[in-house]
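# Examining the three-dimensional arrangement
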Amino acid sequence: MQQSNETPERAPRRLTDPASMRALSHPVRLALIEVLTLRGALTATQAGELIDETPTTCSFHLRQLAKYGFVEEAGPMPGRSRPWRITRLGWSLENDAADGTTEAREHAVAARHLGDMTLERQLDRHRSHDHGAERAHTVWWVTPDEAAELRADIDALVMRYRDRLRDPATRPPEAEAVEVVVLTHPFA
């Protein structure tokens, strides 16, 4: 299987504990993560204007996200401004806890809920585009090891332009944000 070239602090955060998954499982918090990812550091007021929420609501949810390590204060600004930024670019989760314990069941429920919420947000955005939205579907017959290798290859391809999220100066003038959603699962 291909390994990621990213250092742990640059790699997407792998969510393994149900508390972090539940903390992220809120529409405002997901919207805040998305807008901070696309726009960079923002104050609660700036973020609120972009996601159509009040500064008070955004401030509350930013503090909750900070409590679980998803965002942090971006540093001092003039006046009382308090900008926030994401701590890691992206996150991933897997429902790999299958031992039947209470902890495993809690992990599975939290992972399923967050995954479903995220997928619905992505599908809503996809459905709202009349142009520039493409779909592809295929089925492969592969071994579990080949499936893992395929996912790693797709991840490497999708992450090719990742630095453009971190550094706007690297974006070509005509570049626009494009969401890529890749789903892999047994076809059964």
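Rules used throughout
Residues numbered from 1 in each chain as written. Predicted model: local features only at pLDDT ≥ 70, side-chain atom pairs only at ≥ 80, totals over all residues. Heavy atoms only, no water. Helix = DSSP H or I, 4+ residues; strand = E, 2+ residues; numbered from the N terminus. Buried < 20%, exposed > 50% of the residue type's maximum accessible area, 1.4 Å probe, protein only. Contact = heavy atoms within 4.5 Å. Phe/Tyr/Trp six-rings, centres within 6.5 Å; stacked < 30°, edge-to-face > 60°. Lys NZ or Arg CZ within 6 Å of the ring centre and 35° of its normal. Expected span 1.5 Å × (residues − 1). Axes fitted to C-alpha atoms, helices over the stretch in contact; angles between N-to-C directions. Parallel < 35°, antiparallel > 145°, perpendicular 65-115°, else oblique. Nonpolar A, V, L, I, M, F, W, Y, C, P; charged D, E, K, R; others polar. pLDDT = per-residue confidence, 0-100. Patch = residues over 30% accessible without salt bridge, like charges linked within 9 Å, V, L, I, M, F, W, Y side chains within 5 Å. Areas by Shrake-Rupley, 256 points an atom, 1.4 Å probe, with all protein chains shown as cover. Salt bridge = Lys/Arg side-chain N within 4 Å of Asp/Glu carboxyl O. Lys, Arg positive; Asp, Glu negative; His and termini not counted. Charge placed at Lys NZ, Arg CZ, Asp CG, Glu CD.

## Quick word on the overall build of the chain
Helix and strand content of the chain: seven helices and four strands. Moving toward the C terminus, one meets the helices and strands of the chain in the order β-α-α-α-α-β-β-β-α-α-α. For the chain, buried positions account for 25% of its 188 residues. Partitioning the intrachain contacts of the chain with sequence separation of at least 6 by distance along the chain shows that 63% fall at a separation of at least 24.

## A few points about the packing of aromatic side chains
The full count for this structure, using the stated rule, is zero aromatic pairs. Sitting over the ring of Phe 70, Arg 13 keeps its end group 4.2 Å from the ring centre.

## Looking at helix 5 (residues 102–127)
Its 26 residues give helix 5 an end-to-end C-alpha distance of 37 Å, which sits within 8% of 38 Å, the value for a rise of 1.5 Å per residue. Within the sequence span of helix 5, burial applies to Ala 104, His 107, Ala 110, Ala 111, Leu 114, Met 117, Thr 118 and Gln 122. Elements in contact with the buried residues of helix 5: strand 1 (13–15), helix 1 (18–24), helix 2 (27–39) and strand 4 (91–93).

## Here's the deal with the packing of helix 2 against helix 3 (residues 44–51)
Contact geometry of helix 2 with helix 3 gives a least axis separation of 10 Å together with a crossing angle of 105 degrees. With respect to their mutual orientation, helix 2 and helix 3 come out roughly perpendicular. Residues Val 28, Ala 31, Leu 32, Val 35 and Arg 39 of helix 2 lie in contact with helix 3, whose contacting residues are Ala 47, Leu 50 and Ile 51. When grouped by side-chain class, the residues that make up the contact of helix 2 with helix 3 number seven nonpolar, no polar and one charged.

## Remarks on the side chain of Ser 20
Within the secondary structure, Ser 20 is located in helix 1. Every residue in contact with Ser 20, bar those within four places of it in the chain, is listed here: Arg 13, Leu 15, Tyr 68 and Phe 70.

## Thoughts on the side chain of Thr 43
Counting through the fold element by element, Thr 43 comes out in the loop between helix 2 and helix 3. Assessed through its relative accessible area of 11%, Thr 43 is described here as buried.

## Focus: unusual backbone geometry
The backbone phi angle of Asp 52 is positive, close to 60 degrees, even though this residue is not glycine. For Asp 52, a relative accessible area of 70% translates into the label exposed.

## Brief notes about helix 2
For helix 2, which comprises 13 residues, the first-to-last C-alpha distance of 18 Å matches the rise-based estimate of 18 Å (1.5 Å per residue) to within 8%. Of all the residues in helix 2, the buried ones are Val 28, Arg 29, Leu 30, Ala 31, Leu 32, Ile 33, Val 35, Leu 36 and Thr 37. Immediately downstream of helix 2, the backbone of Gly 40 shows phi near 85 degrees, a positive value.

## Re the confidence of the model for the chain
Per-residue confidence for the chain averages 85 on the pLDDT scale, and 89% of its residues sit at or above 70. Below a pLDDT of 50 lies the segment residues 1–8, which in the model reaches nine contacts outside its immediate sequence neighbourhood of four places, other chains included.

## Considering a negative patch on the surface
The grouping of Asp 145, Glu 146, Glu 149, Asp 153 and Asp 155 at the surface amounts to a negative patch. Along the chain, Glu 149 falls in helix 6 (residues 144–158). The exposure class of Glu 149 is partly exposed, given its relative accessible area of 40%.

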